[in-house]
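So the chains spell out like this:
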Amino acid sequence: MPEPGKKPVSAFSKKPRSVEVAAGSPAVFEAETERSGVKVRWQREGNDISASDKYSLAAEGTRHTLTVRDVGPADQGSYAVIAASSKVKFDLKVIEAEKAEPVQGPAPAPAEAPGASREALASAAEEEGGSPSPEGSSSAAPDGSGASDDPIGLFVMRPQDGEVTAGGSITFAARVAGASLLKPPTVKWFKGKWVDLSSKVGQHLQLCNSYDRTNKVYLFELHITDAQPTFAGGYRCEVSTKDKFDSCNFSLTVHEAIGPGDLDLRSAFRRTSLAGSGRRISDSHEDAGTLDFSSLLKKRDSFRNLRDPRLEAPPEEDVWEILRQASPSEYERIAFQHGVTDLRGMLKRLKGMRRDEKKSTAFQKKLEPAYQVSKGHKIRLTVELADPDTEVKWLKNGQEIQMSGSKYIFESIGAKRTLTISQCSLADDAAYQCVVGGEKCSTELFVKEPPVLITRPLEDQLVMVGQRVEFECEVSEEGAQVKWLKDGVELTREETFKYRFKKDGQRHHLIINEATLEDAGHYALRTSGGQALAELIVQEKKLEVYQSIADLTVGAKDQAVFKCEVSDENVRGVWLKNGKELVPDSRIKVSHIGRVHKLTIDDVTPADEADYSFVPEGFACNLSAKLHFMEVKIDFVPRQEPPKIHLDCPGRKPDTIVVVAGNKLRLDVPISGDPAPTVIWQKTLTQKNKVPAGPSPDAPGDAGTSDEWVFDKKLLCETEGRVRVETSKDRSIFTVEGAEKEDEGVYVVTVKNPVGEDQVHLTVKVIDVPDPPAAPKISNVGEDSCTVQWEPPAYDGGQPVLGYILERKKKKSYRWMRLNFDLLRELSHEARRMIEGVVYEMRVYAVNAIGMSRASPASQPFMPIGPPSEPTHLAVEDVSDTTVSLKWRPPERVGAGGLDGYSVEYCWEGCSEWVAALQGLIERTSMLLKDLPTGARLLFRVRAHNMAGPGAPVTTKEPVTVQEILQRPWLQVPRHLRQTIQRKVGESVNLLIPFQGKPRPQVTWTKEGQPLAGEEVSIRNSPTDTILFIRAARRTHSGT
């Protein structure tokens, strides 16, 4: 796993900010990238911006600029800048120039279009000293300047109350500080007290969140589109982290659309101004400008001609009575209808009035305002009628519900009427009404879908730059809505040029076609019921050469083989001859098998002598070697020439021949002699074990024409197995196909003819990758770490071991993750960043100059578990001459390993040696220690244990003296026994009196001063109370 702190950063070192520009002025946005030469795109509303008369694009080094000339209202909106895989959004807001001061005194406004009613209301509200909330946004300023910072809570900006016209849109925003948070906070939106809005996401409601890396602030937004009057009411936003919680309440007011007839009334009524002044009344002079509502309630003739006759109210109607009985969503319509323009004053007066609730004549108990039910369950809607014989109708969204099958069940029990809806689905999410005669009661039913659970989590991935990445996760439901996040930031559809999302039933895929270093990070798939997290590590392509090509010297008609091995089996390359690409033909063959690239040249000719190179595609790497052509010189030699071995080396001791295991070993020994000599090959491990492989003693004398050889002390035929000897008149070739470690040793070549004898020793060394190490051992397992130890491989392959590579995987996974990119020189390593409670396995590779060994066997599965914390509230409950009673509470942190039990120890004051109070562990949180020495001053401590071992101990603060605490006897006479007790003859008498005292007091019962005696009265004593029992009372039992 990569080290902490290596998260990918943004491609921008400086990001553009949102600005406000006056109409007619230019707007300039600047951005700086981390490095120069990066291609940058500017967008508006998702469309690319190109240079034109309106827009100017400039780039200088790492600095990029977008200029919007002659800004107008049409240029207002959302913009974005894109570089590589980073995208930054910002806004342009156009503000109009300040208007002239209004003329003193009200003037009638001309008739306006219906769409202007909202703007007229805003201007009227502005004259009252308030600021309207524009349609489409919440009342809170986007930058949070309108909200005060909370030094204790989590909110930087709380959502504010908002107003919207029916059919419009509004957004509530909450900002949470993220500088001190390790994980993104959890935010929930509610309507009312308990209706969770996450289950209502759809056409009219969307929940969005984002993260500002520059300011380290989380932004959570609630978007409401096409607002309906039923959306009005109180809302709540709750934010929680691991150890903190905060909430905020706000309200939404939905106003009905205003008709054109109301516009004349608004312009005809103005708020009273200060005497002799044309300016608006400020909040400090609010009392001086308060309207006289009683005068407004009278219908004036001057205004009746201007009003729409359909909107006129009868003269005897009381507006305040109408407002008291109406819902808040109707206030604006009623105020305009009756000529009330001071909405703020009207709301203040309404707030001070007590609204009388009209008692229903048809219902004794109405429906609740709202109900919530889980999808697939049933719900019962119950009302109680005043008249049990009255017929009721049930309506759903205004349509009467008809009895059909088992979906709807109507019940009538006395005055109760019940509607039962079975197998609730999303189609049942609606408004319901119960109608009795001309009266009705309403409610809303919210159907909550069950949470979508993660059934198969994401897997961590390690890829190279340019490779394809595909994350796959499986959820519990088909077609479920999920969110993909990268480092806590949601990946949206606007970024499809980089990410591709795919759904296949219950499986969800995130695909990155070509990974870059910026794509590294933590990816998450979030559902309504959980989250799956995985890490993507993107590593730069670094090609390692395990085996380079070597120079060759071959003779005519021989075969030349150049072979190299690289670390990536997918790498392709080209072969060059003297710098020019080599074209394969029938004699020249190029092969690529796994990590091995091979060039084979058959029937070598002098023209093949050249410099050969292998160039891997995509890497600045070049492997070169030279092919030497060995010419055979034929010299005239006299007959009867003694045999001789011709080696191209000084002296008679050639250098050691090194061959890589698996490659072809070819020992080409030129010889001469007349007549043709007999060639004998011998292989020996020591000088004493030489075994000749010459002709048999029984063979005839002319057997010199046949060649035999010995391999590993065994006489083999020349055509048998993988080892063979080919001898001609002027040379002898010893070949081993696929060299192995057993093939190394000292080879002795002997040539004989009747004239003489010659002999040469050839030392062959076979080198290979190391053997796999033994299974690593795990120790020092902690909460998220462990120590891995291993032994060197039994065989290092003939080359020193350069280091080791360590891998780990989860027990139930098939994907191994590499823990180190640089070779480990030591035989131990501390692995970190593991998840507590998850079972892991480890394995190790050994690496030498030839390559990497096979993987070692996996270690024993282990689980990172930390010991529990110390128990809490250790206290001494009781002390006697030989016993001490202790009690405590469980530790605050138990961990994934659970709790196996507790151990109790004690030691004498001033001594450091602790003695176990009992063998083994106890599960109780209390213990009585017996057989302690009387008068000893002891300290006690308690540890909690789990499978990870003992936790920290908790010790008594002061030494405890083992000595009985004396306490005077004390009778706790119950209150009912402090007065005369009366029983009838034959009734039983049972008197229980608790007592205290140490040591245990002796109890004596007396009657009239004499000890009790007799079989009719029984006394039972316990350590804490005494009982006097009379089975059948008599008059003789009376007394004191």
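Because the structure is predicted, anything quoted here is derived from the model rather than measured.

## Notes on the overall build of the protein
Regarding its fold elements, the protein presents seven helices and 76 strands. Sequence-distant contacts, at least 24 apart, represent 62% of the contacts inside the protein between residues at least 6 apart. As presented, the protein carries roughly 59,700 Å² of accessible surface, and 50% of it is formed by carbon and sulfur atoms.

## Focus on the pattern of salt bridges
In total, this model carries 32 salt bridges according to the counting rule given. A salt bridge links Glu20 to Lys93; the shortest N-O distance between them is 3.8 Å. Note that Glu20 is positioned in strand E2 (residues 19–22) and Lys93 in strand E9 (residues 86–95), a separation of 73 residues in sequence. Given a relative accessible area of 43%, Lys93 falls into the partly exposed group. One salt bridge connects Arg666 with Asp558, and the closest N-O pair in it is separated by 3.6 Å. A residue pair is termed long-range when its members are at least 10 positions apart, and Arg666 in strand E48 (residues 665–674) and Asp558 in the loop between strand E38 (552–555) and strand E39 (560–566) qualify at 108 residues. Overall, Arg666 belongs to the partly exposed group, its relative accessible area being 35%. Taking relative accessible area as the criterion, Asp558 reaches 15% and is therefore assigned buried. Through salt bridges with shared partners, a single ionic network connects Arg456, Glu472, Glu474 and Arg507.

## Describing the sheet that holds E38
The strand order across the open sheet formed by five strands is E38-E45-E44-E40-E41, and the pairing between neighbours is mixed. Among the strands making up the open sheet, the edge pair consists of E38 and strand E41 (580–581). Bridge count for E38 against strand E45 (residues 623–630) is four bridges, and the pairing is parallel. Bridging from a neighbouring strand, Val554 pairs with Phe629 of E45.

## Thoughts on the confidence of the model for the protein
In this model, the protein carries a mean pLDDT of 78, and residues with pLDDT of at least 70 account for 80%. Mean pLDDT across the secondary structure elements of the protein bottoms out at helix H1 (residues 117–127), with 34, and peaks at strand E61 (residues 840–848), with 95. Here residues 98–152 is a poorly scored stretch, pLDDT under 50, and it has 78 contacts once near neighbours within four places are set aside; other chains count. Counting interchain partners and residues more than four positions distant, the pLDDT-below-50 stretch residues 687–717 has 55 contacts.

## Regarding the packing of aromatic side chains
What the rule picks out here adds up to 19 aromatic pairs. Taking 5.6 Å as the distance between ring centres and 65 degrees as the angle between the ring planes, the aromatic pair formed by Trp790 and Tyr804 counts as edge-to-face. Remark: Tyr804 occurs in strand E58 (residues 801–810) and Trp790 occurs in the loop between strand E57 (786–789) and E58; sequence separation between them is 14 residues. With respect to class, Trp790 is no different from Tyr804; both count as buried. Their ring planes at 45 degrees and their centres at 6.2 Å tell us that Tyr906 and Phe940 sit as a pair that is tilted. Of this pair, Tyr906 sits in strand E64 (residues 901–908) while Phe940 is found in strand E67 (residues 937–946), placing the two residues 34 residues apart along the sequence. For the pair Tyr906 and Phe940, one class covers both residues: buried. Ring pairing ties together the aromatic residues Phe29, Trp42, Tyr79 and Phe90, which thus form one cluster.

## Focus: the nonpolar core
With 25 residues, the main nonpolar core has Phe172, Val176, Trp189, Leu222, Ile224 and Leu252 as its most contacted residues. Put simply, the parts of the chain that give this core at least two residues each are strand E12 (170–177), strand E13 (186–191), strand E16 (217–224), strand E17 (233–240) and strand E18 (245–255). Excluding its chain neighbours within four sequence positions, the residues that come into contact with Leu222 are Ile170, Thr171, Phe172, Trp189, Leu197, Leu205, Gln206, Leu207 and Phe250. Listed in part, the 23 residues of the second largest apolar core include Val475, Val482, Ala515 and Ala520.

## Comments concerning the sheet that holds strand E28 (residues 454–456)
An order of E28-E30-E34-E33 is seen for the four strands of this open sheet, with the pairing classed as antiparallel. Edge positions in the sheet fall to E28 and strand E33 (500–504), since each has one partner strand and no second. Sheet twist, expressed as the mean angle between neighbouring strand axes with direction ignored, is 30 degrees. Direction of pairing for E28 relative to strand E30 (residues 469–475): antiparallel, over a ladder of two bridges. Note that in E30 the partner of Arg456 across the bridge is Glu474.

## Some thoughts on the environment of Lys502
Residue placement: Lys502 occurs in strand E33. By relative accessible area, which is 38% here, Lys502 ends up partly exposed. In sequence terms Lys502 and Glu472 are 30 residues apart; their C-alpha atoms lie 9.4 Å from each other.

## A closer look at the side chain of Glu841
With respect to the helices and strands, the residue Glu841 is situated in strand E61. A residue is classified by how much of its surface remains accessible, and Glu841, at 9% relative accessible area, is buried. Residue contacts for Glu841: discarding those within four places in its chain leaves Glu807, Arg808, Lys809, Lys811, Trp816, Ala858, Ser859, Pro861 and Phe862.

## A short note on the side chain of Asp428
Looking at where Asp428 falls in the secondary structure, it is placed in the loop between strand E25 (416–421) and strand E26 (430–436). Once residues within four sequence positions are removed from consideration, Asp428 is found in contact with Lys396, Lys407, Tyr408, Ile421, Gln423, Leu445 and Val447.

## Brief notes about unusual backbone geometry
That bond from Asp674 to Pro675 is cis: its omega, 5 degrees, falls within 30 degrees of zero. A positive phi is found at Asp226, a non-glycine position, where the angle reads about 50 degrees. Considering the arrangement of structural elements, one finds Asp226 in the loop between E16 and E17. Overall, Asp226 belongs to the partly exposed group, its relative accessible area being 34%.

## Topic: the environment of Val769
Secondary-structure assignment places Val769 in the loop between strand E55 (756–767) and strand E56 (777–779). Excluding anything up to four places from it in sequence, Val769 contacts Gly797, Asn848, Ile850, Gly851, Met852 and Ser853.

## A short note on the environment of His255
Considering the arrangement of structural elements, one finds His255 in strand E18. Residues His255 and Glu332, 77 residues apart in the sequence, show an inter-C-alpha distance of 6.8 Å.

## What about the state of the cysteines?
Scanning all chains against the criterion turns up zero disulfides. Cys248 provides the cysteine sulfur closest to Cys237, a residue in no disulfide bond, and the two sulfurs are 7.0 Å apart. Classification of Cys237 by relative accessible area gives buried; the value is 1%. Unpaired in this structure, Cys434 has its nearest cysteine sulfur neighbour in Cys441, at a distance of 4.9 Å. With a relative accessible area of 0%, Cys434 lands in the buried category.

Analysis parameters
Residues numbered from 1 in each chain as written. Predicted model: local features only at pLDDT ≥ 70, side-chain atom pairs only at ≥ 80, totals over all residues. Heavy atoms only, no water. Helix = DSSP H or I, 4+ residues; strand = E, 2+ residues; numbered from the N terminus. Contact = heavy atoms within 4.5 Å. Areas by Shrake-Rupley, 256 points an atom, 1.4 Å probe, with all protein chains shown as cover. Salt bridge = Lys/Arg side-chain N within 4 Å of Asp/Glu carboxyl O. Buried < 20%, exposed > 50% of the residue type's maximum accessible area, 1.4 Å probe, protein only. Pairing = 2+ DSSP bridges. pLDDT = per-residue confidence, 0-100. Phe/Tyr/Trp six-rings, centres within 6.5 Å; stacked < 30°, edge-to-face > 60°. Core = buried A, V, L, I, M, F, W, Y, C linked by side-chain atoms within 4.5 Å. Axes fitted to C-alpha atoms, helices over the stretch in contact; angles between N-to-C directions. Disulfide = S-S within 2.5 Å.

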